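# Report on the structure
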Amino acid sequence: GAGKTSLINLILKFLDPSLGTIFLDQYDIQAMDPYQVRKYFSVVSQNVKLFSANLRENLLLANSQATDDQLVKVLRQVELEDWFSHLPDGMNTWIGDQGYKLSGGERQRLAIARALLQDRPFLLLDEPVEHLDTKMAERLIDTVFQLFDTRGILWVSHDHASTHKANKV
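Residues numbered from 1 in each chain as written. Predicted model: local features only at pLDDT ≥ 70, side-chain atom pairs only at ≥ 80, totals over all residues. Heavy atoms only, no water.

With that settled, the discussion passes to the nonpolar core. Formed by 37 residues in total, the largest nonpolar core has its most connected members in Leu 55, Leu 59, Leu 75, Leu 110 and Ile 112. When contributions to this core are tallied by element, the ones reaching two or more residues are α3 (55-60), α4 (68-77), α5 (81-85), α6 (104-118), β4 (122-126) and α7 (134-147). Top element by residues in this core is α6. It accounts for seven residues. Filtering out sequence-adjacent residues up to four positions away, Leu 75 remains in contact with Leu 55, Leu 59, Leu 80, Glu 81, Phe 84, Met 91 and Leu 110. Judged by nonpolar contacts, the second largest core, of 10 residues, contains Ile 11, Leu 12, Ile 29 and Val 37. (Core = buried A, V, L, I, M, F, W, Y, C linked by side-chain atoms within 4.5 Å. Buried < 20%, exposed > 50% of the residue type's maximum accessible area, 1.4 Å probe, protein only. Helix = DSSP H or I, 4+ residues; strand = E, 2+ residues; numbered from the N terminus. Contact = heavy atoms within 4.5 Å.)

Written as structure tokens, this is what we have:
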């Protein structure tokens, strides 16, 4: 590829640059502790990691202090409220090993919900709407850009249609 995912890995200090410097608030991240750097970023990868646990536990991974009201609010923001309302045990519904009971689109939206719960200054998204139909993808893109209007977003995608809100492409 062109190195889009590698760029995210460089920003998060999972890789070291062979050339150049990455700055965060005027500080070279090479001189910073990787865990300190990562506290600035919420990440939605193209390979969503869910756990053999219930919905609440999977969401609380992002913010262990979140209330049920906050969890429901973020599910509404990523348009999972209707899905959630039909779950047999609500927040206590087991979503299966690696979230196998969820569709690809539900998994992606759940990953975005977790990123929103973290409330970090920057959001890194790697193909976040890949498993969504066009209309849902457009609505979710609009929502993410609205919620992060004063924060930074790096949106990695092969789909040029998902770049309509970006300042730079």
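Here the focus is the layout of surface pockets. If you add up the space inside the largest pocket, you get close to 520 Å³. Around the largest pocket sit 24 residues that line it, and Val 43, Val 44, Ser 45, Arg 114 and Gln 118 are the ones nearest its centre. Put simply, the parts of the chain that give the lining of the largest pocket at least two residues each are α1 (4-11), β3 (41-44) and α6. (1 Å grid on protein atoms, 1.4 Å probe; cavity = no way out; pocket = protein on both sides within 12 Å on 5 of 7 lines; lining within 4 Å. Points joined across faces, edges and corners; volume = space filled by probe spheres on them.)

On to the sheet that holds strand β5 (residues 152-156). Taken in spatial order, the three strands line up as β3-β4-β5 in an open sheet, and their pairing is parallel. Edge strands, defined here as strands with exactly one partner in the open sheet, are β3 and β5. Adjacent strand axes in the sheet meet at a mean angle of 10° when their direction is disregarded. In the sheet, β3 pairs with β4 via four bridges, with the strands oriented parallel. (Pairing = 2+ DSSP bridges. Axes fitted to C-alpha atoms, helices over the stretch in contact; angles between N-to-C directions.)

Let's shift gears to the pairing of β4. Most of β4 sits out of view: four of its five residues are buried. Summarising the sheet, β4 and β5 pair through five bridges and their orientation is parallel. If you follow Leu 123 over to β5, its bridge partner there is Ile 153. The parallel pair β4 and β5, bridged by α7, forms a crossover whose chirality is right-handed. (Right-handed = clockwise from strand over helix to strand, strands pointing away.)

In this section: the packing of α4 against α6. At their nearest, the axes of α4 and α6 sit 9 Å apart, and the two run at 125° to each other. Looking at the two axes, α4 sits oblique to α6. With respect to the hand of their crossing, α4 and α6 are arranged in right-handed fashion. Taken together, the residues of α6 that come into contact with α4 (itself represented by Gln 70, Leu 71, Val 74, Leu 75 and Gln 77) are Leu 110, Ala 113, Leu 116 and Leu 117. Considering only residue class, the contact of α4 with α6 consists of seven nonpolar, two polar and no charged. (Parallel < 35°, antiparallel > 145°, perpendicular 65-115°, else oblique. Left-handed = near helix turned anticlockwise from the far one by under 90°. Nonpolar A, V, L, I, M, F, W, Y, C, P; charged D, E, K, R; others polar.)

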